[in-house]
Amino acid sequence: STTIRLGYRPRVISIILLLSGVALLSVSALLWRRKTPPAISLIRVLNEFPHDPRAFTQGLVYAGNDTLYESTGLYDQSSVRRVSLRTGKVELLHLMDASHFGEGLTLLHDKLYQVTWLTKTGFIYDTKNLNKIEQFTHMMKDGWGLATDVIKKHVVTYNGHEVHNLNELEFVNGEVWANIWLTDCIARISYSDGKVAGWILLQNLRENLISSGKRGIDVLNGIAWDDVNSRIFVTGKLWPKLYEIELHPVE
Ligand code: DDQ
Ligand code: CA
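Fair warning: this is a prediction, and the values are worked out from it, not measured in the lab.

K.L.:
Could you clarify how one ought to interpret the overall build of the protein chain in this entry?
P.N.:
Of the regular secondary structure elements, the protein chain holds two helices and 18 strands. Classification of the 251 residues of the protein chain by burial places 41% in the buried group. In the protein chain, 49% of the contacts between residues at least 6 apart in sequence involve partners at least 24 apart. Summing over all exposed atoms, the protein chain offers an accessible surface of approximately 14,300 Å²; the carbon and sulfur share of this is 57%.

Structure below.
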């Protein structure tokens, strides 16, 4: 019986080794996964819509019913507007005082909240008529993006490095998305720790506008999320188009 046992043992041992090898491999795959860089996505355009080419877009939100609200900058032409998604037509316009440069915009219940670039002043508007209801002072020197609905303070980092120039913002599916000023990238930021969980690369949008002869367009800026239909809209400053996009992760 000893010889039989000896004959079997190595096989049993090798099966155990094989199994533990598989287990080790899967554990290390999980650990490896955790260490791999954040996901990169390219995009595909699902729909394109007209956008006012004079709108220096600084804030964009979706309000349901194919309606967007938009905040625009530049000192003598800053505005808040209600815009039809399908036609790009400005349905309602509030022109701001020439001393303010419109920046981030967000929608909460039936009010719009807007910050301004260097004047530390914020405004609250009634969505019904875009009348100014109130104004407030924001503590930062520069108002840039604005989104709802978390109250937390983070330094945004990517692999331990600070990420600067976060511009227009949107709260998308539990993440904060931010246009990075002067780039064609959107950072997907975890609201719980401020870490960049992924990058969306959208250079083809601006490249296509330029190669189709559009002149004078500025940077990609403006993200709006339709949480009922899971639609993502993006545009840019002085862009003649607004896009509905979907993400395609790069392997
Ligand atoms: N910000 O969007 C990065 C927060 C501010 C951008 C301000 C750009 C000023 C451009 C002025 C152009 C004058 C023709
Ligand atoms: Ca937004």
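Resuming the write-up.
K.L.:
Please clarify how the coordination of the calcium ion (ligand 2) should be interpreted in this entry.
P.N.:
The expected angle between donors at a tetrahedral four-coordinate metal is 109.5 degrees. At an octahedral six-coordinate metal it is 90 or 180 degrees. The coordination sphere of the calcium ion (ligand 2), as far as protein atoms go, consists of Leu-60 (O), Glu-168 (OE), Glu-168 (OE), Leu-169 (O), Glu-170 (OE) and Ile-223 (O), spread over 2.3 to 2.9 Å. In this structure, the calcium ion (ligand 2) is surrounded by six donor atoms whose angles at the metal cover 48 to 177 degrees, and the resulting shape is irregular. Between consecutive donor residues of the calcium ion (ligand 2), the sequence gaps follow L-x107-E-L-E-x52-I. In this pair, the class of Leu-169 matches that of Glu-170, namely buried.

K.L.:
How do you make sense of the sheet that holds strand 9 (residues 132-137) when you look at a structure like this?
P.N.:
Sheets are built from strands that pair by backbone hydrogen bonding, the pairs being arranged parallel or antiparallel. Spatially, the four strands line up as an open sheet ordered 6-7-8-9, and their pairing is antiparallel. The open sheet is flanked by strand 6 (102-108) and strand 9, the only strands paired with a single partner. On average, each strand axis in the sheet is tilted by 20 degrees relative to the strand beside it, whichever way the strands run. Bridge analysis of strand 8 (residues 121-126) against strand 9 gives five bridges, and the strand direction is antiparallel. Bridge pairing in strand 9 links Gly-122 to Phe-136.

K.L.:
Sorry, what's going on with the site of ligand 1 here?
P.N.:
In the region of ligand 1, the neighbouring residues are Gln-58, Leu-74, Phe-101, Glu-103, Trp-117, Trp-144, Asn-167, Trp-181 and Lys-237. Within the contact set of ligand 1, an oxygen atom lies 3.3 Å away from a side-chain nitrogen or oxygen of Glu-103. For ligand 1, an oxygen atom lies 3.1 Å from a polar atom in the side chain of Lys-237. Taking 440 Å² as the accessible area of ligand 1 by itself, protein coverage stands at 64%.

K.L.:
Whenever I open this one, the nonpolar core confuses me. Can you help?
P.N.:
Most often, soluble globular proteins have nonpolar side chains that are buried together. The biggest cluster of nonpolar side chains holds 17 residues, and the ones touching the most others in it are Ile-186, Leu-202, Leu-205 and Val-234. Elements with a minimum of two residues in this core: helix 2 (203-211), strand 16 (220-226), strand 17 (231-236) and strand 18 (241-249). No other element matches strand 16, which puts three residues into this core. Each residue touching Leu-205, except ones within four places of it in the same chain, is listed here: Ile-43, Val-45, Leu-220, Val-234, Trp-239 and Tyr-243. Of all hydrophobic cores here, the second largest spans 11 residues; its members include Val-163, Phe-171, Ala-187 and Val-196.

K.L.:
Help me understand the sheet that holds strand 4 (residues 79-84) in this model?
P.N.:
With antiparallel pairing, four strands are arranged side by side in an open sheet as 2-3-4-5. Where the open sheet ends on each side, the last strands, each with one partner, are strand 2 (57-62) and strand 5 (90-95). Geometrically, the sheet is characterised by an average inter-axis angle of 15 degrees between neighbouring strands, direction not taken into account. With six bridges joining them, strand 3 (residues 67-72) and strand 4 adopt antiparallel strand pairing. Paired with Tyr-69 across the bridge in strand 4 is Arg-82.

K.L.:
What exactly am I supposed to notice about the packing of aromatic side chains here?
P.N.:
When we look at a pair of aromatic rings, we describe it by the centre distance and by the angle of the planes. One pass over the structure, following the stated rule, counts 10 aromatic pairs. With 6.3 Å between their ring centres and 45 degrees between their planes, Phe-123 and Tyr-125 make a pair best called tilted. Neither Phe-123 nor Tyr-125 differs from the other in exposure class; each is buried. In textbook terms, an aromatic cluster arises when at least three aromatic residues are bridged by ring pairs, as seen for Phe-56, Tyr-75, Phe-101 and Trp-117.

K.L.:
Where do I start with the side chain of Asn-179 in this structure?
P.N.:
The residue Asn-179 is located in strand 13 (residues 175-180) in this model. The buried category is assigned to Asn-179, whose relative accessible area is 0%. Looking at Asn-179, its side chain comes within polar contact range of the main-chain nitrogen of Gly-222, at 2.9 Å. In this view, Asn-179 contacts Asn-165, Leu-166, Asn-167, Glu-168, Cys-185, Ile-186, Leu-220, Asn-221, Gly-222 and Ile-223; residues no more than four positions away in its chain are not counted.

Calculation notes
Residues numbered from 1 in each chain as written. Chains lettered and ligands numbered in written order. Predicted model: local features only at pLDDT ≥ 70, side-chain atom pairs only at ≥ 80, totals over all residues. Heavy atoms only, no water. Helix = DSSP H or I, 4+ residues; strand = E, 2+ residues; numbered from the N terminus. Buried < 20%, exposed > 50% of the residue type's maximum accessible area, 1.4 Å probe, protein only. Contact = heavy atoms within 4.5 Å. Areas by Shrake-Rupley, 256 points an atom, 1.4 Å probe, with all protein chains shown as cover. Donors = N, O, S within 2.8 Å, 3.2 Å for Na, K, Ca; no water. Tetrahedral: all angles 85-135°; square planar, octahedral: opposite > 155°, others 65-115°. Pairing = 2+ DSSP bridges. Axes fitted to C-alpha atoms, helices over the stretch in contact; angles between N-to-C directions. Near = heavy atom within 4 Å. Polar contact = N/O pair within 3.5 Å; in protein donor to acceptor, adjacent residues only side chain to side chain. Core = buried A, V, L, I, M, F, W, Y, C linked by side-chain atoms within 4.5 Å. Phe/Tyr/Trp six-rings, centres within 6.5 Å; stacked < 30°, edge-to-face > 60°.

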